[in-house]
Amino acid sequence: MYDTHKSYAENYIYGPFPDLLKSKILPKVHFKGPPQFEFLGIPLFIPFGVPAGPLLNSKFVSAALDAGFCVPTYKTVRSCSWESHKWPNIVKIHTQDDKQIFSSTPLPSVTGSLFKPKTYEDLSLSISNSFGVPSQIPDIWSQDFKQLNDREQYKGQHIVLSFQATAGDHHLLEDLENICHLAAQTISETKYCLLEINLSCPNESNEPIYKSQKDTLNVLKRAHSILQSYKNIKLIAKIGAMDFDSTHAFLSETGPYVNAISAINTVASNILDENNKVILGSGTQTGGVCGSAILSQGLLMCEYLAMSREKCGVKSNELGLVGVGGVSEATHFRNYIDAGADLVQAATGMMWNFELARQVAHSLGVHTS
Ligand SMILES: Cc1cc2nc3c(=O)[nH]c(=O)nc-3n(C[C@H](O)[C@H](O)[C@H](O)COP(=O)(O)O)c2cc1C
């Protein structure tokens, strides 16, 4: 549904592209009966959705809702217009002997190659994601997001709006206040209530915010206090992989300021082509890897978060866990639930298999037509 041979702007305007799916059509899934699941008290037909990124605008989010993804996330927005990195942004990733990769220093090294145009791909693939979090100006994304309020079928589906602060010319915390108000104002004019703050973007400083306990606390305390002035908004913090001690420190310190934690974002890696040349349009060899190769890292992080939540004596209705990373089959969804996730989301897996939500529904015994 995302054409890797087109620029981000072309995908934004003309996508989603059904001809890149095996079925060649965007599926329509109807759930039978009332929703039997929930996340943070929100009823859901299935606790499965799409994380921030591949759903670029309301057309993409609508297509994902139609396909049965019950918690799709509207791509991370900023307080200002922000250009995408140059094409190519998405390349196919190969790891040595098809091994799983884990977040590490030095970064894991992987090989990237361009996708063959108009070819249907193997479902268990890994990709790079090197966009630099592009954004439209607030007037555009806000109006576009609010259009999703007109959809009627929403008893068991709910949309998340993802946002992040921009360092740029401003101080990060000043911009945070700005974008937090813009996102909260937008969502409060709809029937949705889930906002996600992306703390795992490597572009805003040398390291993603979540890696600094001090910065994370500053940002989340500020966001939490701003959101108090809006009715019923729930905040999800999106982070990347950490070891258990850092995860526990993160969860125990930040738990009071968020309603849920989502992990993981991509695994930062060195990506070169088979001739050892930079392949990403950003012009750097560092990029995030997502898809199949990060499944084990995502599951490990989910286990750490669940263990930490239990250690803190916190319940899932007080602090939800969103499991993300490498889900391309219904069994992976089950692996995340077993690891302690309350909600599971798939980005890469969804991009090439739009039937994934229906497959997860069937694995749960939820009837669809
Ligand atoms: C095309 C694409 C764009 C992405 N953009 C964002 C983004 O803007 N904000 C964000 O928090 N994560 C972004 N991500 C990361 C995903 O939300 C997710 O954490 C990551 O891809 C791992 O999930 P996966 O293995 O199912 O792809 C993006 C991922 C992809 C594939």
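Here the structure is a predicted model, which means the values were calculated and not measured.

S.K.: Looking at this structure, how should I read the pattern of salt bridges?
M.R.: In the structure shown here, the tally under the stated rule is nine salt bridges. Taking the shortest distance from any N to any O, the salt bridge between Glu355 and Arg358 comes out at 2.9 Å. In this structure, a network of salt bridges that share partners links the residues Lys28, Asp66 and Arg151.

S.K.: Can you walk me through the packing of helix H4 (residues 172-188) against helix H5 (residues 213-227) in this structure?
M.R.: Geometry of a packed helix pair, given as the angle between the helix axes and the separation of the axes. Where H4 contacts H5, the two axes come as close as 10 Å, and the packing angle between them is 35°. The handedness of the crossing between H4 and H5 is right-handed. For the pair H4 and H5, contact is made by Leu173, Leu176, Glu177, Cys180, His181 and Ala184 and by Asn218, Val219, Arg222, Ala223, Ile226 and Leu227, respectively. When its residues are assigned to classes, the contact of H4 with H5 shows eight nonpolar, two polar and two charged.

S.K.: Hey, could you run me through unusual backbone geometry in this one?
M.R.: Keep in mind that most residues, glycine aside, have a negative phi and that most peptide bonds are trans. The omega torsion across Trp87 and Pro88 is 0°, close enough to zero to call that bond cis. Backbone torsion omega between Ala263 and Ile264 reads 15°, so that peptide bond is classified as cis. Structurally, the position occupied by Ile264 is in the loop between strand E11 (260-263) and strand E12 (267-272). Even without being glycine, Leu40 reaches a positive phi, approximately 50°. Structurally, Leu40 is set in the loop between strand E1 (37-39) and strand E2 (42-44). Relative accessible area serves as the criterion here: at 12%, Leu40 is assigned to the buried category. The phi dihedral of Val133 falls on the positive side, at around 50°, and the residue is not glycine.

S.K.: Can you walk me through the site of the ligand in this structure?
M.R.: Taken together, 24 residues sit near the ligand, with Ala52, Lys75, Thr76, Gly326 and Thr348 positioned nearest. Here an oxygen atom of the ligand and a side-chain polar atom of Asn198 are 3.3 Å apart. One of the side-chain nitrogen or oxygen atoms of Thr348 is found 2.6 Å away from an oxygen atom of the ligand. Mapped onto the shell around the ligand, the elements with two or more residues apiece are strand E4 (71-77), strand E7 (126-129), strand E13 (286-291) and helix H9 (348-352). The class makeup of the residues in the shell around the ligand is 13 nonpolar, nine polar and two charged.

S.K.: Explain the pairing of E11 to me, please; I cannot follow it from the model alone.
M.R.: Two faces belong to every sheet, and in a regular strand the side chains alternate between them. Residues of E11 alternate between two faces, with Ala260 and Ser262 on one and Ile261 and Ala263 on the opposite face, all of them buried. In this view, the connection linking strand E10 (residues 234-239) to its parallel neighbour E11 by way of helix H6 (residues 244-254) has right-handed handedness. Of the pairings in the sheet, the one linking E11 to strand E14 (residues 320-324) comprises four bridges and is parallel in character. Its bridge partner lying in E14, Ala260 is registered against Gly320.

Rules behind the numbers
- Residues numbered from 1 in each chain as written.
- Predicted model: local features only at pLDDT ≥ 70, side-chain atom pairs only at ≥ 80, totals over all residues.
- Heavy atoms only, no water.
- Salt bridge = Lys/Arg side-chain N within 4 Å of Asp/Glu carboxyl O.
- Axes fitted to C-alpha atoms, helices over the stretch in contact; angles between N-to-C directions.
- Helix = DSSP H or I, 4+ residues; strand = E, 2+ residues; numbered from the N terminus.
- Left-handed = near helix turned anticlockwise from the far one by under 90°.
- Contact = heavy atoms within 4.5 Å.
- Nonpolar A, V, L, I, M, F, W, Y, C, P; charged D, E, K, R; others polar.
- Buried < 20%, exposed > 50% of the residue type's maximum accessible area, 1.4 Å probe, protein only.
- Near = heavy atom within 4 Å.
- Polar contact = N/O pair within 3.5 Å; in protein donor to acceptor, adjacent residues only side chain to side chain.
- Right-handed = clockwise from strand over helix to strand, strands pointing away.
- Pairing = 2+ DSSP bridges.

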